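Next come the chains, spelled out residue by residue.
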Amino acid sequence: MWRKWLKNREPCTILLVEDNIDHAEMVIRSLEDVPVAHTVVHLEDGKAALDYLYARGPFGHRESSTLPHLMLLDLRLPKVSGLEVLARVKEDNRLRALPVVVLTTSDAENDVQMAYASYANSYLTKPAEFAKYSRMLKEVVFYWLNWNRR
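Analysis parameters
Residues numbered from 1 in each chain as written. Predicted model: local features only at pLDDT ≥ 70, side-chain atom pairs only at ≥ 80, totals over all residues. Heavy atoms only, no water. Helix = DSSP H or I, 4+ residues; strand = E, 2+ residues; numbered from the N terminus. Rg over C-alpha atoms; globule rule 2.2 N^0.38 Å. Areas by Shrake-Rupley, 256 points an atom, 1.4 Å probe, with all protein chains shown as cover. Lys, Arg positive; Asp, Glu negative; His and termini not counted. Charge placed at Lys NZ, Arg CZ, Asp CG, Glu CD. Buried < 20%, exposed > 50% of the residue type's maximum accessible area, 1.4 Å probe, protein only. Right-handed = clockwise from strand over helix to strand, strands pointing away. Pairing = 2+ DSSP bridges. Expected span 1.5 Å × (residues − 1). Polar contact = N/O pair within 3.5 Å; in protein donor to acceptor, adjacent residues only side chain to side chain. Contact = heavy atoms within 4.5 Å. Phe/Tyr/Trp six-rings, centres within 6.5 Å; stacked < 30°, edge-to-face > 60°.

Asker: Quick question: what am I supposed to make of the overall build of the protein chain here?
Answerer: Along the backbone of the protein chain there are six helices and five strands. Secondary structure elements in the protein chain, listed N-terminal to C-terminal, are α-β-α-β-α-β-α-β-α-β-α. The C-alpha atoms of the protein chain give a radius of gyration of 15 Å, which matches the 15 Å a tight globule of 150 residues would have. Across its three principal axes, the protein chain shows a C-alpha extent of roughly 45 × 35 × 25 Å. As displayed, the protein chain has an accessible area near 8,200 Å², and 51% of this comes from carbon and sulfur atoms. A gap of 8 Å separates the mean positions of the 20 positive and 20 negative side-chain charges of the protein chain.

Structural data, given as structure tokens:
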């Protein structure tokens, strides 16, 4: 019953901002069997993420009013840091409601505090074990795309 209901829901877009190709591949593989129709857009740096969200540069053809349903954001990114991306998203009235889940290897208290001070919706430290990482991702994505009201 649940699978039938979930398949009839609107497809969701997950914006994955991750510079480590191996980590990105683990996320994409982990989400393959999440029972919510979705597409993962993977970008490797903070500048590309902002360009995507604002439909500029290489993403100028994109409809700027169409936003992802969820952003999974690494903190340590080239060009523009994850914290800067987060701050820009949350200070923009059009983007503010976009759920941003920080997904990082850092468990430094300062990083956690800075992320929440910039209004991250959640802060998750990547587990080293693939099975735990995969389970965490599935639960988080299922929550934000299915249970959470948008």
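That shown, we press on.
Asker: Just checking my understanding: could you explain the pairing of strand 1 (residues 12-17) for this structure?
Answerer: A regular strand carries its side chains on alternate faces of the sheet. Among the six residues that make up strand 1, five are buried, leaving the element largely enclosed by the rest of the structure. Traced from strand 1 through helix 2 (residues 21-30) to strand 2 (residues 38-43), the parallel crossover comes out right-handed. Here strand 1 runs beside strand 3 (residues 70-73); their pairing, made up of four bridges, is parallel. Directly across from Leu-16, in strand 3, lies its bridge partner Leu-72.

Asker: In this structure, what is going on with helix 6 (residues 130-147)? I would like to understand it.
Answerer: Residues spaced three or four apart along an α-helix point in a common direction, a consequence of the helix completing one turn every 3.6 residues. The end-to-end C-alpha distance of helix 6, which contains 18 residues, comes to 24 Å, matching closely the 26 Å that a straight helix rising 1.5 Å per residue would cover. When helix 6 is considered as a whole, its buried residues turn out to be Tyr-133, Ser-134, Met-136, Leu-137, Val-140, Val-141, Phe-142, Trp-144, Leu-145 and Asn-146.

Asker: Just to check I follow, could you spell out the side chain of Asp-51 for this structure?
Answerer: Residue position: Asp-51 is located in helix 3 (residues 46-53). A distance of 2.8 Å separates the side chain of Asp-51 from the side chain of Lys-47, its partner in a polar contact. Look past the residues within four positions of Asp-51 in its chain and what remains in contact with it is Arg-56, Pro-58 and Phe-59.

Asker: Help me out: how do you make sense of the packing of aromatic side chains in this one?
Answerer: Between two aromatic rings, the relevant description is the distance of the centres plus the angle of the planes. Across all of its chains, the model carries three aromatic pairs by this definition. Where Phe-142 meets Trp-147, the ring centres are 5.8 Å apart and the plane angle is 80°; that geometry is what we call edge-to-face. Residue classification places Phe-142 among the buried positions, given a relative accessible area of 19%. A centroid spacing of 5.0 Å and a plane angle of 80° characterise the contact between Tyr-143 and Trp-144, whose relative ring orientation is edge-to-face. Accessibility expressed as a relative area gives 11% for Trp-144, which makes it buried.

Asker: It is not clear to me how unusual backbone geometry should be interpreted in this structure. Could you clarify?
Answerer: The phi torsion at Lys-79 lies on the positive side, around 70°, for a residue other than glycine. Relative to the elements of secondary structure, Lys-79 occurs in the loop between strand 3 and helix 4 (82-91). For Tyr-119, which is not a glycine, the phi torsion comes out positive at approximately 70°. Within the secondary structure, Tyr-119 is located in the loop between helix 5 (109-117) and strand 5 (122-125).

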